[in-house]
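# Remarks on the overall topology
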Amino acid sequence: FNVTATTEIYTLSLHDALPICYLQSLVVLFLVCLLAYFNTLQIPFQFDGVIHIQQNPYIKDFQIYFTQFGLTNLINRSILVLTYTANYYLGKDNTFGYHLVNLGIHFGVSLLVFLIFGKTLNILSITRSLKLRGRLNLPLVGALLFASHPVHTQSVTYLMSRSASLCTFFYL
């Protein structure tokens, strides 16, 4: 491999990450995420989801959330509770919406893995040196492995594990 150091600042974009058929790659990635976790969209609240979501007074109303909890209270995971508040506002105690948001966050993280993997391969020129440019979509393969790996089952299906997916999303 021929790797050269530069001082350029790189930005992530879909076209730069994978110029070949990236729209089809995104559709495939979305479908794999959906198919892997589709059967979990109707699971009811489990264990501490009852206490921290159903019985949590801070998520029942945005005004209560902002006056008594707020975004400045970072010790109590304010962004996580804000997502639960938005879920409660849109669907009350219907778990379908909570699971759909978890699935959407997981797709977002998988998309970021796709973009970062594609950008990394372009920066290192690995696809050109291996002559894989038109034959194998390595960023898609990596993102599909990430999206469908069983290690993510808890963070996608268990509603109280949304914090792990959000943390990964904001980290990437």
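Let us look at the structure shown here. (Residues numbered from 1 in each chain as written. Predicted model: local features only at pLDDT ≥ 70, side-chain atom pairs only at ≥ 80, totals over all residues. Heavy atoms only, no water.)

### Some remarks on helix H2 (residues 22–37)
Note the threshold: Strands are runs of DSSP state E lasting at least two residues, helices are runs of H or I lasting at least four, and both sets are numbered from the N terminus onward. Helix span, expected: 1.5 Å multiplied by one less than the number of residues in the helix. Buried residues are those whose accessible area, probed at 1.4 Å on protein chains only, stays under 20% of the maximum for their type, while exposed residues exceed 50% and partly exposed ones sit between those limits. As used here, the arc is the angular range of directions from the helix axis to the C-beta atoms.
Counted at 1.5 Å a residue, the expected span for H2 with its 16 residues is 22 Å, and the 23 Å between its end C-alpha atoms agrees. Taken residue by residue, H2 has Ser25, Leu26, Leu29, Cys33 and Tyr37 as its buried positions. Angularly, the buried residues of H2 cover 100 degrees about the axis, an arc narrow enough to put them on a single face. Turned more than 90 degrees away from the buried face of H2 sit Leu23 and Leu35, all of them exposed.

### Observations concerning the packing of helix H5 (residues 78–91) against helix H10 (residues 162–171)
Definition in use: Note on geometry: axes are lines fitted to C-alpha atoms, helical ones only across the stretch in contact, with angles between N-to-C directions running from 0 to 180 degrees. Here a crossing is called left-handed whenever its near helix is offset anticlockwise from the far helix by less than a right angle, and right-handed whenever the offset is clockwise. Contact definition: two residues touch when any of their heavy atoms are within 4.5 Å. Residue classes follow a fixed rule: Ala, Val, Leu, Ile, Met, Phe, Trp, Tyr, Cys and Pro count as nonpolar, while Asp, Glu, Lys and Arg count as charged, and any other residue, Gly among them, counts as polar.
One can describe the packing of H5 onto H10 by two numbers: an axis separation of 10 Å at closest approach and a directional angle of 115 degrees. Remark: the crossing between H5 and H10 carries right-handed chirality. Residues Ile79, Leu80, Thr83, Tyr84 and Asn87 of H5 touch H10, and the partners they reach there are Arg162, Ser163, Leu166 and Phe170. Across the contact of H5 with H10, the residue classes tally to five nonpolar, three polar and one charged.

### Overview of the environment of Asn39
Mapped onto the elements, Asn39 comes out in the loop between H2 and helix H3 (48–54). It is 9.6 Å that separates the C-alpha atoms of Asn39 and Thr157, two residues lying 118 residues apart in sequence.

### Digging into the nonpolar core
What counts, and what does not: Take the buried residues of types Ala, Val, Leu, Ile, Met, Phe, Trp, Tyr and Cys, join any two whose side-chain atoms come within 4.5 Å, and each joined set is a nonpolar core.
Core analysis: the biggest nonpolar cluster contains 16 residues, and Ile53, Ile59, Tyr84 and Tyr98 have the highest contact counts within it. Counting residues per element, this core draws most heavily on H5, at four residues. Among residues more than four places away in sequence, those in contact with Ile53 are Phe45, Asp48, Ile59, Lys60, Tyr84, Tyr98, Leu159 and Met160. If you look at the next biggest cluster of nonpolar residues, it comprises 14 residues, including Tyr37, Leu103, Leu140 and Ala147.

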